[in-house]
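Below are the chains, spelled out letter by letter.
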Amino acid sequence: MSRNFIANSGVACAGLLASLLWGGCRADVSAAADYPRTVPVLEAGAAVSFGSGLYVQEKENPVHLADFRFYEVHPGDAFLFGAKGYLYQLAFYNEDINPDYIHTYCYSPEESWASYTKNLGTLGWRGGNRRFTGHGWARLVVRRLDGKPVGAEDKAFVEQHCCFARRDVPYEEQPCFAGEIADTAAKVNALRSGDTLVFALLTDNHYVINGHWEDTAHNMQAVGRASPFDALIHLGDFTDGMTPLAITKEYFARQYADMQRLGVPLYLVLGNHDSNYFRSNPQSLSAGEQSRLYLQHELPYYYADFADKRLRVLFLYSFDHTQDGQNKRYGFPLEEVDWVRQTLAATPADYKVLVCCHVPLLASMHFWSTEIRNSGAMIQVLEDFNADGRLLAFVHGHVHSDMVDTSSLSFPVVAIGCAKIEDEQEHKVPGSVTYSRAVGDVTQELWDVLVVNTRTGRLDFVRFGAGEDRSIGREQ
């Protein structure tokens, strides 16, 4: 399965001396001479652990330079190194996936599902160029030939004299998804009418190296070509939120570019991991910083109108990592509750409303806390508005399972399972459903096409991948 992550794609190897890079290894790497170049972004005082393959900081006597990034390589690609007075090693990672990441509540500490081959060693230091003969990921670590400490000047010099030369390998379509693409598009086309809006709907894809985001993006695009979407709605958690902020931004940018290829408006919601706080990450994001990065808004909540179909969709903010304790982190600030009240009061009388969020509205649908902060106030606002039945549903992600509550409130609360391939059962509430998932099978995928009939108020969730289609409401 082709994985095509390229960090800093298209950056030229500034100051690279061809005579140094090609000399002595021309036969090995000449085929890569015209491949796009990627310059590593090194940090002085960082290394890659020989034992674990993890990125580590040298607190004392910093003698290494390393790059956190995993560079995907294919046969024929090359690493070009002409930094005289320095030696390097490349840690290699293959496509094997630790099943714990899929079947248990387990996050990779560096958001990589590629497996370290344990190839680093004290005798592995070298200079010159290197040609790759297989597919995988490479990570760079460098030291001075004389063993002296490194600093900013070393970083700048080595970055000027090394790069990866890699092909742009096109995505390879996976035959296992062809039938699901055709079936999903046919179902959506059968539901489509002059009263409907069609949304690609997904949540919790938690991008990782050696994951399956590329499959998800391709499959959404294929369904969208056969049955066009009006927009895409993403309910949050684009990454695990554990990497340095620069890496998190790169991973999100990759996903955003793929979603843009749908050619429709994108409506995104902030998830709890999108604050980049997970596992005490020191490079966390404030609500405003998240809003500007992911949403291109100043506030973390907003709405969109689909005037021709008389629908207003609210996109809410539901997690604040700066609050103390689980019962306060999950929930809604009071100023957002007031904003929802004012927004609904100003909604035209002939509009219906759909609410999209990451965290559930009901604590009974949430394993991780016994309360949802200010949910009572939010529920009262939504119930008051729904006196005439115009609130279609509250749709959310986060819980990594499917569930529908139609009994607690005057409107349904709908949970969407996670797009990430995960089927752990332990951290789930009674009544929710988590489906078995398998790599290389149609169950690897999980996302919906949501068909909203704004005349009848019917919602059809057409499932792509693991799970079942769901319908809420009925024809009138």
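Now for a quick tour of the structure. (Residues numbered from 1 in each chain as written. Predicted model: local features only at pLDDT ≥ 70, side-chain atom pairs only at ≥ 80, totals over all residues. Heavy atoms only, no water.)

Concerning the pattern of salt bridges
Okay, so step 1: Per the stated rule, a full pass over the model turns up 25 salt bridges.
Okay, so step 2: Among the salt bridges present, the one from Arg 69 reaches Asp 67, with a minimum N-O distance of 2.9 Å. The two residues Arg 69 and Asp 67 agree in class, both being buried.
Okay, so step 3: Residues Glu 298 and Arg 292 are paired through a salt bridge, measuring 3.2 Å at the closest nitrogen-oxygen approach.
Okay, so step 4: The exposure class of Glu 298 is exposed, given its relative accessible area of 56%.
Okay, so step 5: Classification of Arg 292 by relative accessible area gives partly exposed; the value is 42%.
Okay, so step 6: Linked through salt bridges whose partners overlap, the residues forming this network are Glu 214, Arg 254, Asp 258 and Arg 261. (Salt bridge = Lys/Arg side-chain N within 4 Å of Asp/Glu carboxyl O. Buried < 20%, exposed > 50% of the residue type's maximum accessible area, 1.4 Å probe, protein only.)

So, helix H5 (residues 178–191)
Okay, so step 1: Spanning 14 residues, H5 covers 21 Å between terminal C-alpha atoms, matching the ideal 20 Å at 1.5 Å per step.
Okay, so step 2: Restricting attention to buried positions, one finds in H5 the residues Glu 180, Ile 181, Thr 184, Ala 185 and Val 188. Down the axis of H5, the buried set is contained in an arc of 125°. They therefore lie on one face. Turned more than 90 degrees off the buried face of H5, the exposed positions are Gly 179 and Ala 190.
Okay, so step 3: Considering only its buried residues, H5 is in contact with strand E13 (196–202), helix H6 (213–226), strand E22 (446–453) and strand E23 (459–465). (Helix = DSSP H or I, 4+ residues; strand = E, 2+ residues; numbered from the N terminus. Expected span 1.5 Å × (residues − 1). Arc of directions from axis to C-beta. Contact = heavy atoms within 4.5 Å.)

Let's talk about helix H7 (residues 245–260)
Okay, so step 1: A rise of 1.5 Å per residue sets the reference length of H7, with its 16 residues, at 22 Å; its end C-alpha atoms lie 22 Å apart and thus fit the reference within 8%.
Okay, so step 2: At its buried positions, H7 is contacted by H6, strand E14 (231–234), strand E15 (266–268) and helix H8 (287–295).

Describing the packing of aromatic side chains
Okay, so step 1: Counted according to the given criterion, the structure contains 33 aromatic pairs.
Okay, so step 2: Seen in terms of ring centroids, Phe 92 and Phe 132 are 6.0 Å apart; in terms of plane orientation they differ by 80°. Their pairing is edge-to-face. Residue Phe 92 is located in strand E8 (residues 86–94), and its partner Phe 132 is located in the loop between strand E10 (130–131) and strand E11 (136–144); the two are separated by 40 residues in the primary sequence.
Okay, so step 3: According to the relative accessible area criterion, Phe 132 is buried, its value standing at 3%.
Okay, so step 4: On the basis of an interplanar angle of 45° and a centroid distance of 6.5 Å, the ring pair of Phe 177 and Phe 464 is categorised as tilted. With Phe 177 in the loop between strand E12 (162–165) and H5 and Phe 464 in strand E23, this pair connects stretches of sequence that are 287 residues apart. Here the two residues Phe 177 and Phe 464 agree in accessibility, since each one is buried.
Okay, so step 5: One aromatic cluster is present, formed by Tyr 105, Tyr 107, Tyr 277, Phe 278, Phe 319, Tyr 330, Phe 367 and Trp 368 through successive ring pairs.
Okay, so step 6: Taking NZ or CZ as reference, Arg 139 lies 4.9 Å from the ring centre of Phe 68, over its face.
Okay, so step 7: Over the aromatic face of Trp 125 sits the side chain of Arg 143, whose NZ or CZ is 5.0 Å from the ring centroid. (Phe/Tyr/Trp six-rings, centres within 6.5 Å; stacked < 30°, edge-to-face > 60°. Lys NZ or Arg CZ within 6 Å of the ring centre and 35° of its normal.)

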